[in-house]
Amino acid sequence: MFDSVDDVSARLAETGYLASPAVATTVFLADRLGKPLLVEGPAGVGKTELAKAVAAVAGARLIRLQCYEGVDESRALYEWNHAKQLLRISAGRDESWDKTRTDIFGEEFLLPRPLLTAIRGDDPKVLLIDETDKADVEVEGLLLEVLGDFQVTVPELGTVTATRRPFVVLTSNATRELSEALRRRCLFLHIGFPDAELERRIVRLRVPGIETALAESVVRVVGALRAMDLRKVPSVAETIDWARTLLALGAGTLDETVVRDSLGVVLKHQDDIQKAAAKLDLDAL
């Protein structure tokens, strides 16, 4: 999909995603080597958005598996349309079981889920396995077959092997440790909070119309908040939300009143808001 690291940076920027050199380099290598990309980092720093941006620049279909506790094979891989199978059995009640069994386990009754969908067909795809760390450990066994050989075994139909490999992005907030077997199959990328210069560029790109001085003030204050011992420090997404809020309020500068009234946009816990209100010194920033 990409000719060089600079090509990655330029094309992602066209979608509104400003990639650091480390991000652009790892995306280029994942594409060139055909390896899945495991992206870790705190929530709201652009892990999911990276997969969406890659799909946009590649003209690929984005297929998303949202992981959660309890997600299983039927939600991740495939399941059979049991209602339709029962109707078929009822309609063919005079047929032999061998005849009916052959029919009800055909393609017509198969419901492919994200992992199977991603490796079928020849169209370009980006497979996003989002918040992998929230899934149970057993789900990683499914991922090993898919990401290792890009194939899925359906006992009733046989093994389905990808004719065109998808670009795979796994995201993780590191709430639990992923297995070494899964990590070995991936290139690793950690996305942390951007430096001030990159975050200013992101804000100005994502919040059209914001003045340079206000964008700089927002980034400085968010940086100060991240340095505090908070339950949840502000993410990049919340920096953008705050900038949009200030623009909607018509605020040209950040003063104590504006900050106090709008801290709930950037901080999500009352004790964090109280701590920030007590410790934040705007004059020192």
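Before going into details, it helps to say that this report is about the structure given with it. Bear in mind that the values here come from a model prediction, so they are computed numbers and not experimental data. (Residues numbered from 1 in each chain as written. Predicted model: local features only at pLDDT ≥ 70, side-chain atom pairs only at ≥ 80, totals over all residues. Heavy atoms only, no water.)

### Regarding helix H12 (residues 236–249)
Taking 1.5 Å as the rise per residue, H12 with 14 residues should run 20 Å; its terminal C-alpha atoms sit 20 Å apart, in good agreement. For H12, the full list of buried residues reads Val236, Glu238, Thr239, Ile240, Trp242, Ala243 and Leu246. A distance of 3.4 Å separates the backbone nitrogen of Ala237 from a side-chain oxygen at the start of H12, and that oxygen is part of Ser235. Gly250 lies just past H12 and shows a positive phi near 75°. (Helix = DSSP H or I, 4+ residues; strand = E, 2+ residues; numbered from the N terminus. Expected span 1.5 Å × (residues − 1). Buried < 20%, exposed > 50% of the residue type's maximum accessible area, 1.4 Å probe, protein only. Polar contact = N/O pair within 3.5 Å; in protein donor to acceptor, adjacent residues only side chain to side chain.)

### What about the pattern of salt bridges?
A full pass over the atoms with the stated rule returns 17 salt bridges. Among the salt bridges present, the one from Arg64 reaches Asp130, with a minimum N-O distance of 2.6 Å. Of this pair, Arg64 sits in strand E2 (residues 61–66) while Asp130 sits in strand E5 (residues 125–130), and the two are 66 residues apart along the sequence. Between Glu238 and Lys232 there is a salt bridge, with the nearest N and O atoms lying 3.0 Å from each other. For Glu238, a relative accessible area of 9% gives the class buried. (Salt bridge = Lys/Arg side-chain N within 4 Å of Asp/Glu carboxyl O.)

### Structural notes on the pairing of strand E9 (residues 187–190)
The side-chain alternation of E9 yields one buried face, formed by Leu187 and Leu189, and one unburied face, formed by Phe188 and His190. Where strand E1 (residues 37–40) lies against E9, four bridges are found, and the strand directions are parallel. Bridging across to E9, Glu40 finds its partner in His190. (Pairing = 2+ DSSP bridges.)

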